[in-house]
Amino acid sequence: MTQSGPYDVVVVGGGPGGSTTAALVAMAGHRVLLLEKESFPRHQIGESLLPATIHGICRFLGVSEEMEKANFMPKRGGTFRWGSNPEPWNFLFAYSPLMSGPTSTAYQVERMKFDKILLDNARRLGVDVRERCTAVATLSEGDRVTGLRWTDEDGRTHETGARYVVDASGSNSRLARTVGTRNYSDFFRNVALYGYYEGGKRLPGPDAGNILCCAWDDGWFWYIPLTDTLTSVGAVVNRSQVGTLSRDPEAAMAQFIERAPMIKDYLKDATRVTEGPYGELRVRKDYSYAMERFWQPGMVLVGDAACFVDPVFSTGVHLATYGGLLAARSINSALSGDLDEERAFGEFERRYRREYGVFYEFLLAFYDMQHNEDSYFWQARKVSRAEATDLRAFVELVGGVSSGESALMDLDGLKERFGTSSRDLADAVTRTGPAQSESGERMGELFGTTVVTEVMQGMNEIQARASLGGATTLEQPLFPDGLVASPDGLGWADPTAPTTGT
Ligand code: FAD
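Calculation rules
Residues numbered from 1 in each chain as written. Predicted model: local features only at pLDDT ≥ 70, side-chain atom pairs only at ≥ 80, totals over all residues. Heavy atoms only, no water. Core = buried A, V, L, I, M, F, W, Y, C linked by side-chain atoms within 4.5 Å. Buried < 20%, exposed > 50% of the residue type's maximum accessible area, 1.4 Å probe, protein only. Helix = DSSP H or I, 4+ residues; strand = E, 2+ residues; numbered from the N terminus. Near = heavy atom within 4 Å. Polar contact = N/O pair within 3.5 Å; in protein donor to acceptor, adjacent residues only side chain to side chain. Areas by Shrake-Rupley, 256 points an atom, 1.4 Å probe, with all protein chains shown as cover. Nonpolar A, V, L, I, M, F, W, Y, C, P; charged D, E, K, R; others polar. Phe/Tyr/Trp six-rings, centres within 6.5 Å; stacked < 30°, edge-to-face > 60°. Lys NZ or Arg CZ within 6 Å of the ring centre and 35° of its normal. Expected span 1.5 Å × (residues − 1). Contact = heavy atoms within 4.5 Å. Axes fitted to C-alpha atoms, helices over the stretch in contact; angles between N-to-C directions. Parallel < 35°, antiparallel > 145°, perpendicular 65-115°, else oblique. Left-handed = near helix turned anticlockwise from the far one by under 90°.

### Overview of the nonpolar core
In globular proteins that are soluble, nonpolar side chains generally tend to be buried together.
Inference 1: Core analysis: the largest hydrophobic core is formed by 113 residues, its most contacted members being Met 67, Trp 82 and Val 312.
Inference 2: At 12 residues, the largest contribution of residues to this core is made by helix 9 (residues 341–368).
Inference 3: Counting residues in hydrophobic clusters, the runner-up holds 25 residues, among them Cys 214, Trp 216, Met 262 and Ile 263.

Quick look at the structure:
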C-alpha cells in the first residue's frame, strides 16, 4: 500500500458531475486528484442536454469553443406525443423569456465525446486525472471522511488523504452509502431498454434536432437524433417487465416499436447498430432516487451518486453539473476559510435538493397529463391514484422540507395551483399539429408556477454569469438566511456580511 498526495480534494468519477466539480475546485487554486475507473472515451446514456449546461456550465468551464467544434446536434426543445392530443406538440426553449436569443439552444451529444471534452478540460486546468483507477473505500476518523483507498491500473492499492472526497461515481456508487441511505421513488420505478439506429426519420425543418418523446399504452419512447443519421432510441416501461426484456431484449424492443405508431414510422427505413460501442441493447433500472443526505463532514455527493429522476425532461446532466458547481463553491469556501463547513455545505444541499424537488414535482404532473384509462402503466402513475402517503413522504424528503419550499410539499394542491397559476409562460408551448389541446395548456401552467420560474431563473443566472465572464450583481439569496455566489462564481458570499475595502 502506498500513501500518495498531498491533495486538497479527491474526486471519484470522471463523468460530467466529477469533471465539473474537479475543474472548478482547481480553478480556485486547490490541488485535486480525480480517479476514473474506465478509460475515456466510454459509453454513457444521457445524451439530451439543457441550455443551462451548454451556455452556463460549459462556458464557465471554458469549453464553449470545443463544444462548437464537436458539431453536436443543435436542440431547440422537445417534441411530444403525450397527453390527450393525438398530434405531436413542441416545447421550445426560445419561447421562455428566461432563455431567449442565442442561449435558447442546447445540444444532443454523444456522451463518449462530451464527457471526454469535460475530463480533458479538467486535466488542462491542473486536475491530476488518473484513468483506470478505482475507488474502493473512504477513510474516516470519527464521523469525518479523511481520504480514500483506491487501486491503480496495475492493481496496486493506494491511500490518499484529502480535506474533501467528492463522490461523483454515478448511479452504481458504492461510496455514497458512507453518507446515508438511498430513497427510491415508487412513482418512477420504471425500466429503460435502449439502443442505436442508423437512418431513422427526422422531425421536419428546424425541429430536426429536438428530442422526441412518444407515450404509448405501455410506457414512452425517447428518440434522440445524435447526428444526421444516428439516433438513440429508448423505451421506458413498467419495472415488472425487467425480466422479459433482459432475457430477450431484441424481441422486447421489436414489440415495443410495433406498438408505438410514431416510432415505428420513424424507424421504418432504419437499421439497428449492432457493432462497436453503440452495438448493444442496454437495460437501466432503479434510476429514480435521492440520497437522504448529500454531504457529511469531509465528503460530498454529486450527480447520480446523489440523485436522479426519470429522464423525460433530460435533467440528469444538468443536475450533475449544477450539483458540481454548487459543491465546488462550498468546497472552495470551506478550504479558503471564508465560511464554516456547515454553512457552506448547507447552502449546497438546500439548493441542490430544491432543484431536484422541482423537477420531481414537474415530472409527476407531466406523467399525470397522459390519460389512458386502459393502460396499467399510465393508471399506476396517476398522481390522484398514487399512494399518497408514500408519495408525500418521498417528495417531502427530497423536495421540500429542507428548502422550506412549501410549494414542493403539497401534492394534493398540485392541480389547484396549476389551475390558478400565472400563465406568463403559456406561450412556451406550440403545436405542430392543428388541434388545440389540454397538453399545451398544462405545460404553460406548469411553467408558470413560481417555483419552476425560479429554477429557470436560477439556470438563467448561471448562463448570464458565464456570458458576462464572472462578476455580476444579478443574484439574490435563494433562502432568507442564504448565501450568494462570490463575484468570481467559484465560492459563496454572505450577503449580510459588512463589505470591506474602499
Ligand atoms: P456518470 O456519467 O455515470 O459518471 C460516473 C463516472 O464514475 C463513470 O465514468 C464511472 O466509470 C466512474 N466510476 C464509477 N465507479 C467508480 C469508482 N469506484 N472509482 C472510479 N470511478 C468510478 N440525462 C440527461 O441529461 N439527458 C438525457 O437524455 C438522459 N437520459 C437518460 C436515460 C436513462 C434511461 C437514464 C437511466 C439516465 C438518463 N440521463 C439523462 C441521466 C444521465 O445519464 C446521468 O444523470 C448523468 O450521466 C450523471 O452524470 P454523473 O457524472 O453523475 O455520472
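### Comments concerning the site of the ligand
Inference 1: Lining the immediate surroundings of the ligand are 36 residues, of which Glu 36, Gln 44, Ile 45, Ser 48 and Asp 304 lie closest.
Inference 2: Within the contact set of the ligand, an oxygen atom lies 2.9 Å away from a backbone nitrogen or oxygen of Gly 17.
Inference 3: Contact between the ligand and Ser 314: an oxygen atom at 3.5 Å from a main-chain N or O atom of the residue.
Inference 4: Here the ligand, which alone exposes 1000 Å², has 94% of that area covered by the protein.
Inference 5: Mapped onto the shell around the ligand, the elements with two or more residues apiece are helix 1 (16–27), strand 3 (32–36), strand 9 (134–141) and helix 8 (316–336).
Inference 6: For the shell around the ligand, the element with the highest residue contribution is helix 8, accounting for 3 residues.
Inference 7: Of the residues contributing to the shell around the ligand, the split by class is 15 nonpolar, 13 polar and 8 charged.

### Quick word on the packing of aromatic side chains
Inference 1: Evaluated as defined, the whole model comprises 18 aromatic pairs.
Inference 2: Each ring, one from Tyr 356 and one from Tyr 360, has its centre 6.2 Å from the other, and the planes form 40°; the classification is tilted. Of this pair, Tyr 356 and Tyr 360 are both found in helix 9, 4 residues apart, which corresponds to roughly one turn of the helix. A single burial state applies to Tyr 356 and to Tyr 360, both of which are buried.
Inference 3: An aromatic cluster of at least three residues, connected via ring pairs, comprises Tyr 164, Phe 294, Trp 295, Phe 345, Phe 348 and Tyr 352.
Inference 4: Over the face of the ring belonging to Tyr 289 we find Arg 182, whose NZ or CZ atom lies 3.7 Å from the ring centre.
Inference 5: The ring of Trp 295 carries Arg 293 above its face, with NZ or CZ at 5.7 Å from the centroid.

### Quick word on helix 4 (residues 111–124)
Inference 1: With 14 residues, helix 4 extends 19 Å from end C-alpha to end C-alpha; this agrees with the ideal 20 Å at 1.5 Å per step.
Inference 2: Listed as buried for helix 4 are Arg 111, Met 112, Phe 114, Asp 115, Ile 117, Leu 118, Leu 119, Asn 121 and Ala 122.
Inference 3: On its buried face, helix 4 sits against helix 1, strand 3, helix 2 (51–61), helix 3 (64–69), strand 8 (128–131) and helix 8.
Inference 4: Positive phi appears at Gly 126, one or two residues downstream of helix 4, with a value of about 105°.

### Concerning the packing of helix 1 against helix 8
Inference 1: Interhelical geometry of helix 1 versus helix 8 gives an angle of 30° and a closest axis separation of 8 Å. Considered as vectors, helix 1 and helix 8 are oriented roughly parallel to each other. The handedness of the crossing between helix 1 and helix 8 comes out as right-handed. Every residue of helix 8 that contacts helix 1 at Pro 16, Gly 17, Thr 20, Thr 21, Leu 24 and Val 25 is listed here: Val 317, Ala 320, Thr 321, Gly 324, Leu 325, Ala 327, Ala 328, Ile 331 and Asn 332.
Inference 2: The residue makeup of the contact of helix 1 with helix 8, split by class, is 9 nonpolar, 6 polar and no charged.

Bear in mind that shape data such as this cannot, by itself, settle questions of function.
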